[in-house]
Amino acid sequence: MNDKADTLTFKSDVKPDLVNVDGDKILLAKKNDSKTLDEYVYQYFNAPLWMDRMEAITAATPEQGNAGARKVMLAALKDKYFGLRIQAIKGLTMGNDDVRNAAQPILMDLAKNDANTLVRASAISVLGKMKAAGMMTLFNESLKSQSYAVQGAAVNAILLQDPQQGLTLAKGFESDNKGALTQALVRAYATAGGDAEWPFVSKQFNDAGLNTKFALMPEYAAMAGRVKTPRMRKML
C-alpha cells in the first residue's frame, strides 16, 4: 500500500465465507466493512478474537427478526467473555416473541448462576422490565447477593412489579449501599416514597459526582415536586 487509496484484488476459485480485513485487529485505521449479515454470523462462530465476536453482535443487534442474527445473540448470551455477554443482554429485542421465548430461560439461568455479578445484574434488569409472572422469587433471592450491582438490579426489578414492596425493601439497605444499589434506593423512594425519605434522596444527590447526578436527576426532580413539608423544601 503506497498510495492514498489502493485497491487490492485477490483471485479465488470459490466465494469465501468471510473476508476478515485486519483479522489481527492491529491496524491504526478506521475500517468500513460491507459484510453481509450472513458473513457476520459466520464471523461470530469462526473468527478467533473477542473483537470479531463484538463486531458480529453489533451487526446482529438491530436485525433480530432474522434467524441468523437471533442465533448470534442467543449464543452471545453464553460467550466466554463477560463483556460480550453483557453486550448481548442489553441488546436483546425482548419485544420480539422469538427472541423473548428463546432468551428468557437463558437470562434466568444467567441471573441465578453467572460467575460475573455484572452479568447477573444485567440479566435481572432485563427480566424485571418484562414484568413477567413468577419472577419475584428470583428477584428476592438476588437481594441476598454480596454485590451492590445485583442487589440494585433486584430492587429495581421488584419496584417495577410492586412499588410498595420495593419501597419497603429499599429501607433495609439504607445503612449499606453504594453505586447501583444507591441509585436503586433513590429510584424506589422517588417512585413510592414521600417526605420521610426525602433527606436520604437529597443527601445522595448532593454528595454524588457529576455523572451520577445526571443519572439521578429524573428521580430527584420527580420527588422534589412531591415534597410537602416546608422544612423538607428548604433542603432543595
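This text follows the structure it describes.
Notes on the structure in this doc start here. Here the structure is a predicted model, which means the values were calculated and not measured.

1. As for the nonpolar core
Okay, step 1: Counting 65 residues, the largest nonpolar core has L77 and L107 as its most contacted members.
Okay, step 2: When neighbours within four sequence positions are excluded, L77 is seen to be in contact with R85, A88, I89, L92, A103, I106, L107 and L110.

2. Here's the deal with the pattern of salt bridges
Okay, step 1: For the structure on display, the rule yields 13 salt bridges.
Okay, step 2: A salt bridge links R53 to D79, with the nearest nitrogen and oxygen atoms 2.7 Å apart. Residue R53 is found in helix α2 (residues 50–60), and its partner D79 is found in the loop between α3 (67–76) and α4 (82–91); the two are separated by 26 residues along the sequence.
Okay, step 3: A relative accessible area of 7% places R53 in the buried class.

3. Topic: helix α1 (residues 37–46)
Okay, step 1: Considered for burial, the residues of α1 that qualify are E39, Y40, V41, Q43 and Y44.
Okay, step 2: Of the surrounding elements, those touching the buried residues of α1 are α2 and α3.

4. Remarks on the environment of V155
Okay, step 1: Tracing the backbone shows V155 in helix α8 (residues 148–161).
Okay, step 2: Linking V155 and L169, residues 14 residues apart in sequence, is a C-alpha distance of 7.3 Å.
Okay, step 3: Excluding residues within four positions of it along the chain, V155 makes contact with L143, F173, L181 and A184.

5. Observations concerning the environment of W50
Okay, step 1: Within the fold, W50 resides in helix α2.
Okay, step 2: Along the sequence, W50 and M217 sit 167 residues apart, while their C-alpha atoms lie 36 Å from each other.
Okay, step 3: For W50, the contacting residues outside a window of four places in its chain are Y81 and L84.

6. Description of the side chain of Q43
Okay, step 1: Relative to the helices and strands, Q43 is located in helix α1.
Okay, step 2: Here Q43 falls in the buried class, since its relative accessible area comes to 0%.
Okay, step 3: Separated by 2.5 Å, the side chains of Q43 and K35 make a polar contact.
Okay, step 4: Those residues in contact with Q43 that lie beyond four places of it in its chain are L18, N20, K35, D52, E55 and A56.

7. Let's talk about a nonpolar patch on the surface
Okay, step 1: Taken together, the side chains of W50, M51, Y81, F82 and L118 present a nonpolar region at the surface, about 440 Å² in accessible area.
Okay, step 2: With respect to the helices and strands, F82 occurs in helix α4.
Okay, step 3: Residue class for F82 comes out partly exposed when judged on its relative accessible area of 33%.

8. With respect to the side chain of D79
Okay, step 1: You can call D79 buried: its relative accessible area is 4%.
Okay, step 2: In terms of polar contacts, D79 uses its side chain to reach the backbone amide nitrogen of Y81, at 2.9 Å.
Okay, step 3: Setting aside its immediate chain neighbours within four residues, D79 contacts Y44, R53, L84 and R85.

Reading the values: the criteria
- Residues numbered from 1 in each chain as written.
- Predicted model: local features only at pLDDT ≥ 70, side-chain atom pairs only at ≥ 80, totals over all residues.
- Heavy atoms only, no water.
- Core = buried A, V, L, I, M, F, W, Y, C linked by side-chain atoms within 4.5 Å.
- Buried < 20%, exposed > 50% of the residue type's maximum accessible area, 1.4 Å probe, protein only.
- Contact = heavy atoms within 4.5 Å.
- Salt bridge = Lys/Arg side-chain N within 4 Å of Asp/Glu carboxyl O.
- Helix = DSSP H or I, 4+ residues; strand = E, 2+ residues; numbered from the N terminus.
- Polar contact = N/O pair within 3.5 Å; in protein donor to acceptor, adjacent residues only side chain to side chain.
- Patch = residues over 30% accessible without salt bridge, like charges linked within 9 Å, V, L, I, M, F, W, Y side chains within 5 Å.
- Areas by Shrake-Rupley, 256 points an atom, 1.4 Å probe, with all protein chains shown as cover.

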